[in-house]
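# Structural features, examined
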Amino acid sequence: MKKVLSIAGSDCSGGAGIQADLKTFSAHGVFGMSVIVSVVAENTSRVIDLQDIRPDIIEKQIDAVFEDIEVDAVKIGMLPQPECMEAVAEKLKQYAPANIVIDPVMYAKNGCPLMNPDAIDTLIKTVIPIADLLTPNIPEAEKISSMEIRNVEDMKKSAMAIHEMGCKNVLVKGGHAAGSALDILFDGNEFYAFDAQRIETKNTHGTGCTYSSAIASNLALEFGLQEAVRQAKEYVTIAIQHSLSIGKGHGPTHHFYELYQNGLKKETGITRQ
Ligand SMILES: Nc1ncnc2c1ncn2[C@@H]1O[C@H](COP(=O)(O)OP(=O)(O)O)[C@@H](O)[C@H]1O
Ligand SMILES: Cc1ncc(COP(=O)(O)O)c(N)n1
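None of these values were measured; they are calculated from a predicted model.

### Some details on the overall build of the chain
- Looking only at helices and strands, the chain features nine helices and nine strands.
- Computed over its C-alpha atoms, the radius of gyration of the chain comes to 17 Å, within 12% of the 19 Å expected for a compact globule of 273 residues.
- In terms of overall dimensions, the chain has C-alpha extents of about 50 × 40 × 40 Å along its principal axes.
- Per-residue burial over the chain gives 50% buried out of 273 residues.
- Pairs at least 24 residues apart make up 68% of the contacts formed inside the chain by residues separated by at least 6 positions.

Below, the structure is given as C-alpha cells:
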C-alpha cells in the first residue's frame, strides 16, 4: 500500500487541515499519516484560537515517521510561523522524500489568518524551493508573487514568478475568481488548464486541503503530474458537489470512497480511469 504523509494543522471541526487530508487519503486507498504543526480551535464559521506545536516536537514527529516508514508522497498545509517552516524544510531536506505537494495556507475560508504575515519571506526562501508542486489559491499567489491577479493571463504570470522562486511546478487555483473554477498548472515550460463548472455553494471549507491531498495521493499512486492533477480536480469537484451543510458557516467537502470508486459513473457521468 502506498503511504502518504500530511504535515499540517488540526481542524477540530473536521472539514479542513489534517482531518480533510486523512479522509482524502482513505478515499484514494492510500495509507495516511500526520505530523501536526498547530492545533486550531476552529469551526465552519471562525477560528477561536490556536496553539502552535514546538518546532522540536514537529521535528521529532517527522523523525518518527521517516525512521520507520517509507513515504511515497508528502502533503504540506498550514505552516503558521517561520520557526515551524524552518523545522519542516530542514527535516524534509534531510529525508528527501519524493512528491512534495505544498499548499501555502494563509487564511481560513472565513478570513481568519492561519499564517503569520511576517513569515512570507521564510515561506519564499525556505519552503517554496523544496516543493515539487506548490498549490496557491489566487490571494496566496498574489502575496507570494507580489502582483495582482485579475484574469487568466495574470494567473500565468504569477505562476511563472513563483516558479522562479525554486519550486518545480506551480498550480494556481481559481476557486476565488469569478466564472468557472479554472486552475492553471505551470511546469516551467508549458501551461495546462484544469477547468470545472463553478458550483453555487458556500460549503467550500477544506477544498484546498482536499485538492492538494488528492494530488499527493495520485502522485504516490505513480500517476504523472498532469494526470494526478486531472484526477484530483475531478475528486475535489465531486467533493464540492456533494459538500455537506454541516455547521453555520462554510460547510465541508464530502469524501466518500464508495461514490468515488464505484458509483461515480452512475451519479455524475464521470468515470475514473
Ligand atoms: N464553488 C466551486 N465550484 C467548483 N470548484 C471550486 C469551487 N470553489 C473552489 N473550487 C475548486 O476547488 C479547488 C480548491 O481551490 P480554492 O478554493 O481556490 O483553494 P483554497 O481552499 O486553497 O482557497 C480548485 O480546484 C478550485 O478551482
Ligand atoms: C488547520 C487548517 N488548515 C487549513 C485550513 C484552510 O483550508 P482550506 O483552504 O482547504 O479551506 C483550515 N481552515 N484549517
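### Observations regarding the site of ligand 2
- The immediate surroundings of ligand 2 are formed by 18 residues, with Gly9, Ala16, Gly17, Ala108 and Gly208 found nearest.
- Listing elements by their share of the shell around ligand 2, those giving two or more residues are strand 1 (3-11), strand 2 (31-42) and helix 7 (207-220).
- Taken together, the residues of the shell around ligand 2 break down into eight nonpolar, seven polar and three charged.

### Overview of the packing of helix 7 against helix 8 (residues 225-241)
- Running from amino to carboxyl end, helix 7 crosses helix 8 at an angle of 145°, the nearest separation of the two axes being 8 Å. The handedness of the crossing between helix 7 and helix 8 comes out as right-handed. Packed against helix 7, whose contacting residues are Thr207, Thr210, Tyr211, Ala214, Ile215, Asn218 and Leu219, the element helix 8 presents Ala228, Val229, Gln231, Ala232, Tyr235, Val236, Ala239 and Ile240 at the interface.

### Let's talk about the site of ligand 1
- Around ligand 1 there are 19 residues in total, and Asn137, Gly175, Ala181, Ile199 and Gly208 lie nearest to it.
- Those elements that provide at least two residues to the shell around ligand 1 are helix 7 and helix 8.
- Tallying contributions element by element places helix 8 first for the shell around ligand 1, with four residues.
- Grouping the amino acids of the shell around ligand 1 by side-chain chemistry returns six nonpolar, nine polar and four charged.

### Regarding the environment of Pro80
- With respect to the helices and strands, the residue Pro80 is situated in the loop between strand 4 (73-76) and helix 3 (82-95).
- The contacts of Pro80, once residues within four sequence positions are left out, are Val37, Ser38, Asp52, Leu114, Met115 and Asn116.

### Concerning the sheet that holds strand 4
- Within the open sheet, the nine strands sit side by side as 3-2-1-4-5-6-7-8-9. Their pairing is mixed. At either end of the open sheet lies a strand with only one pairing partner, and these are strand 3 (47-52) and strand 9 (191-194).
- Sheet topology places strand 1 next to strand 2; nine bridges connect them, and they run parallel. Looking at strand 2, one finds that Leu5 is bridged to Met33.

### A word on the pairing of strand 7 (residues 169-172)
- Burial along strand 7 is two-sided: the face carrying Asn169 and Leu171 and the face carrying Val170 and Val172 are both buried.
- Here two bridges tie strand 6 (residues 133-134) to strand 7, and the two strands are oriented parallel to one another. Looking across to strand 7, one finds that Leu134 is bridged to Val170.
- Inspection of the sheet shows strand 7 paired to strand 8 (residues 183-186) by three bridges, in the antiparallel sense. By the bridge assignment for strand 8, Leu171 is matched with Leu185.

### Quick word on the nonpolar core
- With 69 residues, the main nonpolar core has Val74, Leu79, Val88 and Ile215 as its most contacted residues.
- Here this core gets nine residues from one element, more than from any other, and that element is helix 8.

### What to know about unusual backbone geometry
- At Ser146, a position not held by glycine, the phi torsion is positive, near 50°.
- For Ser146, the location among the structural elements is in the loop between helix 5 (138-145) and helix 6 (152-163).
- C-beta crowding within 10 Å serves as the criterion here: with 10 such atoms nearby, Ser146 is assigned to the exposed category.
- The phi angle at Glu222 is positive, at roughly 75°, despite the residue not being glycine.

### Side note on the pairing of strand 4
- Burial along strand 4 is two-sided: the face carrying Ala73 and Lys75 and the face carrying Val74 and Ile76 are both buried.
- In this structure, strand 1 lies alongside strand 4, joined through four bridges in parallel fashion. Across the sheet, Val4 pairs through a bridge with Ala73, a residue of strand 4.
- Where strand 4 lies against strand 5 (residues 100-102), three bridges are found, and the strand directions are parallel. Bridge pairing links Val74 to Ile100 in strand 5.
- Considered for its hand, the β-α-β crossover made up of strand 4, helix 3 and strand 5 is right-handed.

### Points about helix 8
- The terminal C-alpha atoms of helix 8, which comprises 17 residues, lie 24 Å apart, in line with the 24 Å expected from a rise of 1.5 Å per residue.
- In terms of burial, helix 8 is largely enclosed, as 12 of its 17 residues are buried.
- Those residues of helix 8 that fall on the buried side of the exposure criterion are Leu225, Ala228, Val229, Ala232, Lys233, Glu234, Tyr235, Val236, Thr237, Ile238, Ala239 and Ile240.

### Comments concerning the UniProt feature "domain: Pyridoxamine kinase/Phosphomethylpyrimidine kinase" (unreviewed entry) in the chain
- What UniProt calls "domain: Pyridoxamine kinase/Phosphomethylpyrimidine kinase" (unreviewed entry) maps, in this numbering, to residues 11-254.
- Taken as a whole, residues 11-254 contains 39% helix and 16% strand, while its terminal C-alpha atoms sit 15 Å from one another.

Thresholds applied
- Residues numbered from 1 in each chain as written.
- Chains lettered and ligands numbered in written order.
- Predicted model: local features only at pLDDT ≥ 70, side-chain atom pairs only at ≥ 80, totals over all residues.
- Helix = DSSP H or I, 4+ residues; strand = E, 2+ residues; numbered from the N terminus.
- Rg over C-alpha atoms; globule rule 2.2 N^0.38 Å.
- Buried ≥ 20, exposed ≤ 12 C-beta atoms within 10 Å, placed from the backbone.
- Contact = placed C-beta atoms within 7 Å.
- Near = placed C-beta within 6 Å.
- Nonpolar A, V, L, I, M, F, W, Y, C, P; charged D, E, K, R; others polar.
- Axes fitted to C-alpha atoms, helices over the stretch in contact; angles between N-to-C directions.
- Left-handed = near helix turned anticlockwise from the far one by under 90°.
- Pairing = 2+ DSSP bridges.
- Core = buried A, V, L, I, M, F, W, Y, C linked by C-beta atoms within 7 Å.
- Right-handed = clockwise from strand over helix to strand, strands pointing away.
- Expected span 1.5 Å × (residues − 1).
- UniProt positions renumbered as here; feature names shortened; annotations may be inferred.

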